[in-house]
Amino acid sequence: MYIPRIMQMKITRFLVFFFALPLPLVLADLQVGFYKSTCPQAESIVQQVVQAEFYRDRSITAALLRMHFHDCFVRGCDASILIDSTSEKASEKDAGPNQTVRGFEVIDNAKKRLEAACPSTVSCADIITLATRDAVALAGGPNYTSATGRRDGLVSDPEQVLLPGPALSVSGALQFFTAKGMALNDMVTLLGAHSVGVAHCFFFDYRLSNYEGSGAPDPSMDPALIAKLNMTCARNAGATAFLDQSTSFAMDNQFFKQILLRKGVLQIDQELALDNSTARFVSGFASNGVVFHQSFAKAMIKLGSVQVLVGKAGEIRKNCRVFNTPKKSK
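Just so you know, these numbers come straight off a predicted model, no measurement behind them.

**Considerations on the overall build of the protein**
Each helix and strand in the protein was counted, giving twelve helices and four strands. At 20 Å, the protein has a C-alpha radius of gyration in line with the 20 Å of a compact globule built from 330 residues. Reported as C-alpha extents along the three principal axes, the dimensions of the protein are approximately 70 × 45 × 35 Å. Per-residue burial for the protein yields a buried fraction of 53% across its 330 residues. Of the roughly 14,400 Å² of accessible surface on the protein, a fraction of 55% belongs to carbon and sulfur atoms. One way to put it: in the protein the 34 positive side-chain charges average out to a point 4 Å from where the 29 negative ones average out.

Written as structure tokens, this is what we have:
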């Protein structure tokens, strides 16, 4: 059986957007306004840092969305992805899927300002969640309310990084989502984050010519898109392509309209429009951007509550890149 090159790769990466939605005051032991008394300016500080970066580089929305997803899908939303590797021990950053995750400096900047204002109070896990929410809104996506109160994890192990790859089928990808308590509609909705993402050519070039050993391109891909992507990928080995060929920096529903036109760059994206179990969600989002925004906000809130540490679990890191130094017993 012919296996596409991308399926043979050890590295699997997943790429991964204004109206307020009501949110319960408590969600999985998280609380809206958790820092109201301990650090009342916490959310505004994060927002200011993200806003400054967004005006400098609009691609930060896609970067933070990907960081948030990769963090929450490994041991839950505990900022374990932020830990730097050392000569003695590798961290999640060393895992194949995370080697192109970026945006860490945004989290660092926010943490530095928060430590100056409220030392040892705001978790790095909450910073990721808040920063992603703010970046989504800046890109024209939903402006939703995020509950906070997460604690930072004490483990960052590259061997535990298992993420859905871009060449999976709908059923294959869904297994990863259901394992985290996410439903089929959540998966389709969250893949809508590809409205602002990019993919390296080696994630999809197998679709452009000898698809599954046929000697021809993937028949499910629009011929004009194939020609365009072939030109893009011929430029250099590290070339990238926008996953939404229409409004590449806007968090809108154009991505779903594109895949209905067979313009899905990644195989999993195109499969969403072709699979009977997900096609209805795709059509619904493509025809109604407001519904997509509402669904996206709910799915992001749900994602942000996956396996969170609360109460006295974990820690509040002083530096998001390193675990706190253990206190010596007297």
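There is more to say, and it comes next.
**Observations concerning the packing of aromatic side chains**
Inspection of the entire model under this criterion finds 13 aromatic pairs. With 5.9 Å between their ring centres and 65° between their planes, F54 and Y55 make a pair best called edge-to-face. The exposure class assigned to Y55 is exposed, which follows from its relative accessible area of 57%. Connected via pairs of aromatic rings, a cluster forms that spans F255, F256, F285, F292 and F296. Between the NZ or CZ atom of K93 and the centre of the ring of F104, over which it lies, the distance is 4.2 Å.

**Here we look at a nonpolar patch on the surface**
Among the surface-exposed residues, L154, V155 and F323 lie close enough to one another that they form a single nonpolar patch of about 230 Å² accessible area. Here L154 is to be found in the loop between α5 (124–138) and α6 (170–178). On the basis of relative accessible area, L154 is assigned to the exposed category, the value being 51%.

**Structural notes on α5**
Between its terminal C-alpha atoms α5 stretches 21 Å, which fits the 21 Å expected from 15 residues at 1.5 Å a residue. Buried residues dominate α5, accounting for 14 of its 15 residues. Positive phi appears at G140, one or two residues downstream of α5, with a value of about 95°.

**Examining the state of the cysteines**
Here the structure, examined in full by the defined rule, presents four disulfides. A sulfur-sulfur separation of 2.1 Å characterises the disulfide bridge that pairs C201 with C233. Taking the sign of the S-S torsion, -90° for the link of C201 and C233, the bridge is left-handed. Residue C201 is found in the loop between β3 (198–200) and α8 (223–235), and its partner C233 is found in helix α8; the two are separated by 32 residues along the sequence. Neither residue differs from the other here; C201 and C233 are each classed as buried. Sequence-ordered numbering of the bonded cysteines in the protein gives a disulfide pattern of 1-4, 2-3, 5-8, 6-7.

**Remarks on the packing of α6 against helix α7 (residues 184–191)**
In contact at an axis separation of 10 Å, α6 and α7 are set at 100° when each is read in the N-to-C sense. Comparing the axis directions of α6 and α7 gives the class roughly perpendicular. Counting all contacts with α6, which are made through V170, A173, L174 and F177, the residues of α7 involved are L184, M187 and L190. Class assignment for the residues of the contact of α6 with α7 results in seven nonpolar, no polar and no charged.

**What about α7?**
Structural remark: α-helix, 3.6 residues per turn; residues separated by three or four positions point the same way. Of all eight residues that make up α7, seven are buried, and the element is covered over most of its length. Tucked into the core, α7 has its buried residues touching α6, α9 (254–260), α10 (267–274), α11 (279–287) and α12 (289–303).

**Observations regarding unusual backbone geometry**
In this structure, E212 is a non-glycine residue whose phi angle is positive, near 50°. Summarising the element assignment, E212 is placed in the loop between β3 and α8. The partly exposed category is assigned to E212, whose relative accessible area is 47%. Of note, Q307 is a non-glycine position whose phi angle comes to about 45°, a positive value.

**Notes on the side chain of T189**
In this fold, T189 is placed in helix α7. Relative accessible area serves as the criterion here: at 0%, T189 is assigned to the buried category. Side-chain polar atoms of T189 contact the side chain of S295, separated by 2.8 Å. Apart from the residues lying within four places of it in its own chain, the contact partners of T189 are F285, F292, S295, F296 and A299.

**Some points on the pattern of salt bridges**
Within the structure shown, the criterion is met by twelve salt bridges. In this structure, the salt-bridge partner of R102 is D57, at a minimum N-O distance of 3.7 Å. Placement of the pair is R102 in the loop between α3 (60–72) and α4 (104–117) and D57 in the loop between α2 (42–56) and α3, with a sequence separation of 45 residues. D57 sits in the partly exposed class, given a relative accessible area of 21%. With its nearest N and O atoms 2.7 Å apart, the salt bridge here joins D108 to R321.

How each quantity is defined
- Residues numbered from 1 in each chain as written.
- Predicted model: local features only at pLDDT ≥ 70, side-chain atom pairs only at ≥ 80, totals over all residues.
- Heavy atoms only, no water.
- Helix = DSSP H or I, 4+ residues; strand = E, 2+ residues; numbered from the N terminus.
- Rg over C-alpha atoms; globule rule 2.2 N^0.38 Å.
- Buried < 20%, exposed > 50% of the residue type's maximum accessible area, 1.4 Å probe, protein only.
- Areas by Shrake-Rupley, 256 points an atom, 1.4 Å probe, with all protein chains shown as cover.
- Lys, Arg positive; Asp, Glu negative; His and termini not counted.
- Charge placed at Lys NZ, Arg CZ, Asp CG, Glu CD.
- Phe/Tyr/Trp six-rings, centres within 6.5 Å; stacked < 30°, edge-to-face > 60°.
- Lys NZ or Arg CZ within 6 Å of the ring centre and 35° of its normal.
- Patch = residues over 30% accessible without salt bridge, like charges linked within 9 Å, V, L, I, M, F, W, Y side chains within 5 Å.
- Salt bridge = Lys/Arg side-chain N within 4 Å of Asp/Glu carboxyl O.
- Expected span 1.5 Å × (residues − 1).
- Disulfide = S-S within 2.5 Å.
- Axes fitted to C-alpha atoms, helices over the stretch in contact; angles between N-to-C directions.
- Parallel < 35°, antiparallel > 145°, perpendicular 65-115°, else oblique.
- Contact = heavy atoms within 4.5 Å.
- Nonpolar A, V, L, I, M, F, W, Y, C, P; charged D, E, K, R; others polar.
- Polar contact = N/O pair within 3.5 Å; in protein donor to acceptor, adjacent residues only side chain to side chain.

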